[in-house]
Amino acid sequence: MTRRNDPCPCNSGKKYKACCLKKENIISIDEELNKDLEQVLLNFFHAHPTKKETNEIYEWIGDREEYLSDRFDNDKVSAIMGDCYYFNHRVDIWQMHLERESAKSKRPRVQTVLEGWMNPNIILGTILQISNNSAEVVDVFSEEKVMIEIPNPFEGGVGDFIFGHFLLDSRQQERYYKLLNSLIVFPAKDEALVERVKALYTNSKSESVLDFYNKYIIECYVILGDKETSIEELFSEEELELISILHSSLVEMDIKSDKLMYIFIEYIQRKGIPKGIKKPTALVAGALQFGMLNSIISYIWTKKEISSFLEVSTTTANKYEELFKEFYEHEISKEELTQNTVFAFEVGTDANLVEFSNWKMGMHLSKVSIKNEKEMSRYIDIYKDKEFNPVNDKEASQKYAYEAYISRDLIERERLTSLAFELDPQNIDAILLKVDNEKERSVFFEEAISIGEKQFDPNFESVWGYLPNRPYLRALFKYGLWCFEQKMFKEAFNLFNKILQLNPSDNQGVRYPSVATLIALNRLEEAESLMSHYQDSDNAFFSWFRWAIEKKKSFFSKETQDAYDLASEDNAYVANYYRLKLPALAYPHSRAITPDSPEEGKVIWTLLQPII
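Residue numbers run consecutively from 1 along every chain, following the written order of its sequence. Where totals are concerned, whole chains, interfaces and linings use all residues; where local detail is concerned, this predicted model gives features only for residues with pLDDT of at least 70, and gives and counts side-chain atom pairs only at 80 or more. Just so you know, side-chain values use all the structure's heavy atoms and leave hydrogens and water out.

Caption draft 1: View of the overall build of the protein chain. Only runs of H or I of at least four residues qualify as helices and only runs of E of at least two qualify as strands under DSSP, and these elements are numbered from the N terminus. Check the secondary structure of the protein chain and you find 28 helices and eight strands. A radius of gyration in this sense is built from C-alpha atoms; the matching globule rule multiplies 2.2 Å by the number of residues raised to 0.38. On C-alpha atoms alone, the protein chain measures out to a radius of gyration of 28 Å, which is about the 25 Å that the 2.2 N^0.38 rule sets for 612 residues. With a 1.4 Å probe rolled over the protein chains alone, any residue whose accessible area is under 20% of its type maximum counts as buried; one over 50% counts as exposed, and the rest are partly exposed. Counting the 612 residues in the protein chain, one finds 48% classified as buried. The contact criterion used throughout is that any non-hydrogen atoms of two residues lie within 4.5 Å. Within the protein chain, contacts between residues separated by at least 24 positions form 63% of all contacts whose residues are at least 6 apart in sequence. All accessible areas in this document rest on Shrake-Rupley with a 1.4 Å probe, and a residue is counted as covered only by the protein chains that are shown. Summing over all exposed atoms, the protein chain offers an accessible surface of approximately 31,800 Å²; the carbon and sulfur share of this is 49%. Charged residues are defined narrowly, with Lys and Arg counted positive, Asp and Glu counted negative, and His plus the chain ends left uncounted. Taken as the charge location is NZ of Lys, CZ of Arg, CG of Asp or CD of Glu. Of the side chains in the protein chain, 74 bear a positive and 99 a negative charge, and the two mean positions are spaced by 5 Å.

Caption draft 2: Inspection of the pairing of strand β4 (residues 161–168) at higher detail. Across the eight residues that make up β4, a large majority, seven, are buried. Criterion used throughout: strands pair if DSSP finds at least two bridges between them. Relative to strand β6 (residues 184–186), β4 is paired through three bridges, and the arrangement is antiparallel. What sits directly across from Ile162, in β6, is Val185. Relative to strand β5 (residues 176–179), β4 is paired through three bridges, and the arrangement is antiparallel. From the neighbouring strand, Leu167 faces β5, where its bridge partner is Lys178.

Caption draft 3: Molecular detail of the packing of aromatic side chains. Centres within 6.5 Å are what make two rings of Phe, Tyr or Trp a pair, Trp counting through its six-membered ring; a difference in plane orientation under 30 degrees is then read as stacked, over 60 as edge-to-face, and the rest as tilted. Evaluation of the coordinates by the stated rule reveals 45 aromatic pairs. Measuring from centroid to centroid gives 6.4 Å for Phe44 and Phe87, while their planes differ by 35°, and the two rings are tilted. Here Phe87 lies in helix α4 (residues 74–89) and Phe44 lies in helix α1 (residues 20–47), a separation of 43 residues in the sequence. For the ring pair Phe87 and Trp94, a centre distance of 5.0 Å and an interplane angle of 85° mean the geometry is edge-to-face. In this scheme, the term charge over a ring applies when either NZ of a lysine or CZ of an arginine sits within 6 Å of the ring centre and within 35 degrees of the ring normal. Residue placement shows Arg64 over the ring face of Trp60; its charged tip is 5.1 Å from the ring centre.

Caption draft 4: Spotlight on the pattern of salt bridges. Think of a salt bridge as a Lys or Arg side-chain nitrogen and an Asp or Glu carboxyl oxygen that are within 4 Å of each other. Going through the model one piece at a time under the given rule, you end up with 30 salt bridges. Linking Glu355 and Arg474 is a salt bridge whose minimum nitrogen-to-oxygen distance equals 2.9 Å. With Glu355 in helix α15 (residues 353–366) and Arg474 in helix α21 (residues 470–485), the pair connects residues that are 119 residues apart, well separated along the chain. Note that Glu526 is salt-bridged to Arg523, the shortest N-O span being 2.8 Å. Judged by relative accessible area, Arg523 falls into the partly exposed class, the value being 29%. If you follow the salt bridges from partner to partner, you end up with Lys52, Glu56, Arg90 and Asp92 in one network.

Caption draft 5: Fine view of the pairing of β5. Alternating residues of β5 divide into Tyr176 and Lys178 and Tyr177 and Leu179, and every residue in both groups is buried. Both strand β3 (residues 145–149) and β5 contribute to a ladder of two bridges, which runs parallel. Counted as the bridge partner of Met147 is Tyr176 from β5.

Dropping the structure here:
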């Protein structure tokens, strides 16, 4: 063991403490700083988007999302929408997060870096040179040369273009930028796209490039995405077929794994299909076995079941499992995989934790006298981490009801429900919670709605924004879903339609069962009209509803088949449930779902199965 005052093993002639030990300490400190900074990013994306922000994002993007979707895959669209919203349109949300994180941190160097992160940069540039995980880029507007972080592997080369959001890293000597999720790369031959962006800038008569990006950032992505390389251009037909088979296998297993798909695609792209392989599907079998044995996917099938499904021998599958293991350990595991932010949205009938927190804050503030906005801010800071203690049975009942909603333990949920109902039998949420265990549910629903009608206050721009209104809207929604399950479609639609009339912004996601109900009633034009009205929600739900509409019009038509193919692209799990004729599950109490996932598929199937 080399001691501090011993000669340095590198033969520099210096003491160990003044040479390599110093370097090792610097590396150790840098590693700790990197961990702290990565945690700042993780904390932000764990907390955002909130449900309110998700609605605002889609409202802000509007029909521009359709143009993005024509050019990029779902994950990249989500990444672009997120970065443009938080690092352009509502950068104040990001800045408030950094201020909180900086105040928490005890490391001055972390605080210095976070200062540089306060104002994210947008760079449209030409790549001048690439070394390690960095590239030197010249910005096409400012002509400034900067160094940017690039992902590994990186598909660009010298002369190609990059566009995306970056954070200044003040630890580097050069102007060095850390990349965010929305990076796109396009080849030098597509310089005409850059010229189109420049022309848009000139015609916009913006005061500055920053002002231009603030106004036209989405349009820039739309222009520059015109020549985004598609997966079909990167792989042969045989390679694409194997990628499709892996996806289909995951669908059959009813799981989603972006990580396993990424590893498989990277292997195919870097190594190609192994020469001499007799059954290429053995490569898929090996990938699935590798995924399960390394906890990348759940252990759904045995090795024998995997081999049987893909019609290969277990011996051959084992061979390719080892191949993926070696590839992962030597290449992929050492990379810092850039995870795209995928926006989840909530569905369900329950109140969520955010509403509970807002209710507690509202109760605190109702106990004090507030004269101005400054006092309001001061009281919010005082009470934000303080528990609320009810002073009467009505307040206690509502608190127990919220606690029941957010509990994931069924026994505890029932206990809290009983307490809430005993303390205030007129509490709408307590009634709605209690109804889950009752036979004569309609009686309880009607009672909750009758109470809610008397308490409801429509004199707000957003009736959902006024918390005391929400229990009534929940009662209408839950009763409508119960009628839907009983195939009382006319009654269900009347309830859903009432909610949409009261609250057109539809914070509850009522539009989805409402469209399904219209299809069940054969009111197809109205269903199409409602989907058109909520075109910002044009997702897998609507794709499958369009198929259901075409199916009702003509089962064997080309339009029906085309609609089915498009819907399957948006969520293939639904197609699997349809093929297997699975029974529909109950509409969830609360669930966050992401695009093209089994969770999304199950909710779609819950609404689709009773109407086809």
